[in-house]
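# Descriptive structure summary
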Amino acid sequence: MELEEMKANWKAVNQRLDQVQAVQVALANRELKGRGRSAANRLRVEPIYELVLAGGAVLWAGNFLASNFAKVQQWPVAAIPALALYPLAILTIWCSVSQLGILSDLDFAAPILDTQTKLGTIKKIRVLSTQAMLLLGVPLWFLFPILLGQALVRFEIVLAVSPQWILGNLVFGGLFSAAMVWAARRFGEGSGFFRRINAILAGDAIANAERELREVAEFGNDA
Amino acid sequence: MIAGRQGRFEALLESHAGVLFKVVRMFGRRPEDQQDLAQEIRLQLWRAFGKYEEGRSFSTWMYRVALNTAISWQRQTGARIRDLVPLDDATTSSAPPADVEVQALYQLVGGLDPMNRALLLLYLEDLSHAEIGEVLGITAINVATKLSRLRQRLRQEASEEGNTEWN
């Protein structure tokens, strides 16, 4: 069948299907009327949320090091959590700001090539950010309850625990990360959760995002 | 003011509802997917409506928003429309013979990447090469080249299917 034949058939069948679908969509709209959030909303909300969290982490780390400078010099292990948090938080801030920068210029009414390139770039940054979170954030897992605890009781918990406790948790976090990578590879085929983790850690997700970007770029260049 | 804008939007949307339905059918597989996508497109259209300039073609604007939303939705959900039945069985049970051809079209569409799927939809909707280029953001010459490749691909697939049937 030639494209021209398809065009004629397409018109005939669509006339009938449009009527059926009009009823379906009207019903769906009635059911979904309260739903105010869309996928595009999530694109904006997530980087803002991450930016706030990472900003808070940088402020805590800076404040901790500045207020405990003398103690940290005597007991350098206490500085590890704050110093380790810096690169992760700075990377997260960079990722969030980059996404928000692209989003501020994103227009769904712009030509498809332009919009899809921007959306592809955002997706790539998001995958990179999640990859960094999994690989750097998991070994530092113990920092998050500590930060929460400090916010609640206003007490420098890091200074109250022993160096062994900090090092032990770092080692545990490292081992946990390695176990997560192993489990994702071992069970990646079966479980949806491990498949997603495996895709991110093994680089499949980033390769997928790059493929989509390449697909869009080739569509624009290929004359 | 907002009520007036909303009324204008609803009226335009109603008069161009076919655009929404065709995009939804081209990108959504199951009826629930189609409803979800239709809702997503409506939300995105309403959000973008503030920037819509009166006097410019509403259908071109609507195609851009709807296709951009559908492509990102498809990439996000990983939806495929291979083996798609256009709506449910109940709606196609008394289908005219042309539906067989349309099924072949949906088979072709299922194997296309989202950008080419958008191109094919715009072509089937009888838009000129210049209009298709305006929606997609490519030149009219590029549109013609890509359509010619789609034709070749279609012929090749048809001949492969013919060979398989004979073997």
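Here the structure is a predicted model, which means the values were calculated and not measured.

## Some thoughts on the overall build of chain B
- A tally of regular secondary structure across chain B gives 9 helices and 0 strands.
- Here chain B holds 167 residues, and the buried ones make up 51% of them.
- As displayed, chain B has an accessible area near 7700 Å², and 50% of this comes from carbon and sulfur atoms.

## What about the pattern of salt bridges?
Residues and elements named next belong to chain A.
- Throughout the structure, instances matching the rule amount to 15 salt bridges over all chains.
- In this structure, the salt-bridge partner of K124 is E210, at a minimum N-O distance of 3.5 Å. Here the residue K124 occupies a position in helix 5 (residues 112-137), and E210 occupies one in helix 10 (residues 204-221), the gap between them amounting to 86 residues.
- Residue classification places E210 among the partly exposed positions, given a relative accessible area of 33%.

## Topic: a nonpolar patch on the surface
All names here are of chain A.
- Judged by side-chain polarity, L91, W94, L135 and L136 come together as a nonpolar surface patch covering roughly 370 Å² of accessible area.
- Of all elements in the fold, only helix 4 (80-104) and helix 5 reach the threshold of two or more residues within the nonpolar patch.
- By secondary structure assignment, the location of L136 is in helix 5.

## Focus on the nonpolar core
- Ranked by internal contacts, the top residues of the largest apolar core, which has 67 residues, are B:V23, B:W61, B:L67, B:L120 and B:L136.
- With 10 residues, the single largest contributor to this core is helix 4 (residues 58-77) of chain B.
- Filtering out sequence-adjacent residues up to four positions away, B:V23 remains in contact with B:L37, B:I41, B:Y63, B:A66, B:L67, B:A70 and B:L121.
- If you look at the next biggest cluster of nonpolar residues, it comprises 23 residues, including A:A61, A:A79, A:L85 and A:V158.

## Focus on the confidence of the model for chain B
All names here are of chain B.
- Chain-level pLDDT for chain B is 80 on average; 80% of the residues reach the 70-or-more range.
- The element-level mean pLDDT for chain B is lowest in helix 5 (residues 89-92), coming to 40, with helix 8 (residues 129-136) highest at 94.
- Low confidence marks residues 79-97, where pLDDT is under 50. Its contacts with residues over four positions away, or in another chain, come to 43 contacts.
- Across the interface, the model reports ipTM at 0.79; the global pTM reads 0.77.

## Digging into helix 9 (residues 192-201) of chain A
All names here are of chain A.
- Among the residues of helix 9, I197, N198, I200 and L201 are the ones counted as buried. The buried residues of helix 9 occupy one face: seen down the axis, they fall within an arc of 160°.
- Contacts from the buried residues of helix 9 go to helix 5, helix 8 (163-187) and helix 10.
- G203, located one to two residues past helix 9, shows a positive phi value of around 90°.

## Re the layout of surface pockets
- There is about 1200 Å³ of room inside the largest pocket.
- Forming the walls of the largest pocket are 41 residues, and the residues nearest its centre are A:K123, A:N208, A:E212, B:R75 and B:Q76.
- Looking at the lining of the largest pocket residue by residue, the class counts come to 15 nonpolar, 12 polar and 14 charged.

## Side note on the packing of helix 5 of chain A against helix 9 of chain A
All names here are of chain A.
- At a minimum axis separation of 9 Å, helix 5 and helix 9 run at an interaxial angle of 100°. Taken as axis vectors, helix 5 and helix 9 run roughly perpendicular relative to one another. Contacts between helix 5 and helix 9 involve V127, T130, Q131, L134 and L135 from the former and I197, I200 and L201 from the latter.
- Of the residues contributing to the contact of helix 5 with helix 9, the split by class is 6 nonpolar, 2 polar and no charged.

Reading the values: rules and limits
Residues numbered from 1 in each chain as written. Chains lettered and ligands numbered in written order. Predicted model: local features only at pLDDT ≥ 70, side-chain atom pairs only at ≥ 80, totals over all residues. Heavy atoms only, no water. Helix = DSSP H or I, 4+ residues; strand = E, 2+ residues; numbered from the N terminus. Buried < 20%, exposed > 50% of the residue type's maximum accessible area, 1.4 Å probe, protein only. Areas by Shrake-Rupley, 256 points an atom, 1.4 Å probe, with all protein chains shown as cover. Salt bridge = Lys/Arg side-chain N within 4 Å of Asp/Glu carboxyl O. Patch = residues over 30% accessible without salt bridge, like charges linked within 9 Å, V, L, I, M, F, W, Y side chains within 5 Å. Core = buried A, V, L, I, M, F, W, Y, C linked by side-chain atoms within 4.5 Å. Contact = heavy atoms within 4.5 Å. pLDDT = per-residue confidence, 0-100. Arc of directions from axis to C-beta. 1 Å grid on protein atoms, 1.4 Å probe; cavity = no way out; pocket = protein on both sides within 12 Å on 5 of 7 lines; lining within 4 Å. Points joined across faces, edges and corners; volume = space filled by probe spheres on them. Nonpolar A, V, L, I, M, F, W, Y, C, P; charged D, E, K, R; others polar. Axes fitted to C-alpha atoms, helices over the stretch in contact; angles between N-to-C directions. Parallel < 35°, antiparallel > 145°, perpendicular 65-115°, else oblique.

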